[in-house]
Amino acid sequence: MSAPCWIIGVVNPDPEFEAGWFERELRAAGSAERAASSQNYLKSTREFTGTTVPDSRAIMIRWRREHPDLTGQQLMAVAGGLWQRPVFECQLAAVLLLADRRKLLSARDAAQLEQMLRTAGTWALVDSLAADVLGSLVERFPELHPMLDRWASDENLWIRRSALLALLVPLRRGDSGNFERFGRYADAMLTDREFFIRKAIGWVLRETGKRQPQLVTDWLAARLDRVSGVTIREAVKWLPPADRDQLLAGYSAARPARPARSARPVRSAG
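About the thresholds
- Residues numbered from 1 in each chain as written.
- Predicted model: local features only at pLDDT ≥ 70, side-chain atom pairs only at ≥ 80, totals over all residues.
- Heavy atoms only, no water.
- Helix = DSSP H or I, 4+ residues; strand = E, 2+ residues; numbered from the N terminus.
- Expected span 1.5 Å × (residues − 1).
- Contact = heavy atoms within 4.5 Å.
- Polar contact = N/O pair within 3.5 Å; in protein donor to acceptor, adjacent residues only side chain to side chain.
- Core = buried A, V, L, I, M, F, W, Y, C linked by side-chain atoms within 4.5 Å.
- Buried < 20%, exposed > 50% of the residue type's maximum accessible area, 1.4 Å probe, protein only.
- Axes fitted to C-alpha atoms, helices over the stretch in contact; angles between N-to-C directions.
- Parallel < 35°, antiparallel > 145°, perpendicular 65-115°, else oblique.
- Left-handed = near helix turned anticlockwise from the far one by under 90°.
- Nonpolar A, V, L, I, M, F, W, Y, C, P; charged D, E, K, R; others polar.
- Phe/Tyr/Trp six-rings, centres within 6.5 Å; stacked < 30°, edge-to-face > 60°.

## What about helix α1 (residues 15-28)?
Logical step 1: In this model α1 runs 20 Å from its N-terminal to its C-terminal C-alpha over 14 residues, within 8% of the 20 Å that 1.5 Å per residue would give.
Logical step 2: Those residues of α1 that are buried are in contact with α3 (53-65), α4 (72-84) and α5 (88-100).
Logical step 3: Put simply, Asp14 is the residue that caps the front of α1, since its side-chain oxygen is 3.0 Å from the backbone nitrogen of Glu16.

## A short note on the nonpolar core
Logical step 1: The biggest cluster of nonpolar side chains holds 83 residues, and the ones touching the most others in it are Leu98, Leu113 and Phe182.
Logical step 2: Top contributing element to this core by residue count: α5, with ten residues.
Logical step 3: Look past the residues within four positions of Leu98 in its chain and what remains in contact with it is Leu75, Met76, Ala79, Leu105, Leu113, Met116, Leu129 and Val133.

## A short note on the packing of α1 against α3
Logical step 1: Contact pair α1 / α3: the axes reach a minimum separation of 10 Å and the direction vectors enclose 140°. Classed by the angle they form, the pair α1 and α3 counts as oblique. The element α1 and its partner α3 pack so that their crossing is right-handed. Along its contact with α1, which presents Glu18, Trp21, Phe22, Glu25 and Leu26, the element α3 presents Ser56, Ile59, Met60, Arg62 and Trp63.
Logical step 2: Here the contact of α1 with α3 is built from residues that sort into six nonpolar, one polar and three charged.

## Observations concerning the packing of aromatic side chains
Logical step 1: The full count for this structure, using the stated rule, is nine aromatic pairs.
Logical step 2: On the numbers, 5.5 Å between centres and 45° between planes, the contact of Phe22 with Trp63 is tilted. With Phe22 in helix α1 and Trp63 in helix α3, this residue pair connects regions lying 41 residues apart in the sequence. Each member of the pair, Phe22 together with Trp63, is buried.
Logical step 3: Ring plane angle 50° and centroid distance 5.8 Å describe the contact between Phe179 and Phe182, whose orientation is recorded as tilted. Taken together, the residues Phe179 and Phe182, both in helix α11 (residues 179-189) and three residues apart, mark about one turn of the helix.
Logical step 4: Exposure remark for Phe182: the relative accessible area of 0% places this residue in the buried category.
Logical step 5: Feature note: the residues Trp21, Phe22 and Trp63 constitute an aromatic cluster, connected by ring pairs.

Structure (structure tokens):
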């Protein structure tokens, strides 16, 4: 495999050149069979190289080690070049690179990240970009909270999902300081008809419940008449068994009974 090239004396790398290197390496490590399988699984119209995530990560790490002095500006330029390629694994490489070097980013990079999230079109790109990359920015730069407030009511389902997932990592650690904001977003989205929104609410609650089970139990108990089955089944997975059983029983009791199906009329033989 060829080594990535960084021209000595050039302050800003050519994003197109670097993205081209990534694409060649990703294609060399992929397979047509896996590409077809991934495309079918994600129901995507993008082109796929069929490169595994571990292999994609190894290629990203090799490139990053060749660029120890990478700046935040250069990082965003290269990620942007990768994102412009209509190849799923190139875009995934951008996400992996941003997550790996997220401490180089600053609040001003949130606008470009938002555009990436808006055009991602799949959880397979959105989730790490929102939770790991954007979430890190929001933790370090609280002035970005109004942006999340705006996202929580956005028409784009991936942007709404990102507003929720941007608060996931600190809640998973047991930092309940973000739960009021998450709870406000989730409360407004409880009746959202999008599966990926309902799933995200349950996911964040599930992770929060590992360290703050009572917080999650109390929040759910007050909303059993509105929470979806997808959300509550995900949310209660790590709660104490007694609390989990009580919430599920309460959820079942709060659901309106479905009308019984009328019997089909019996047709006469004649």
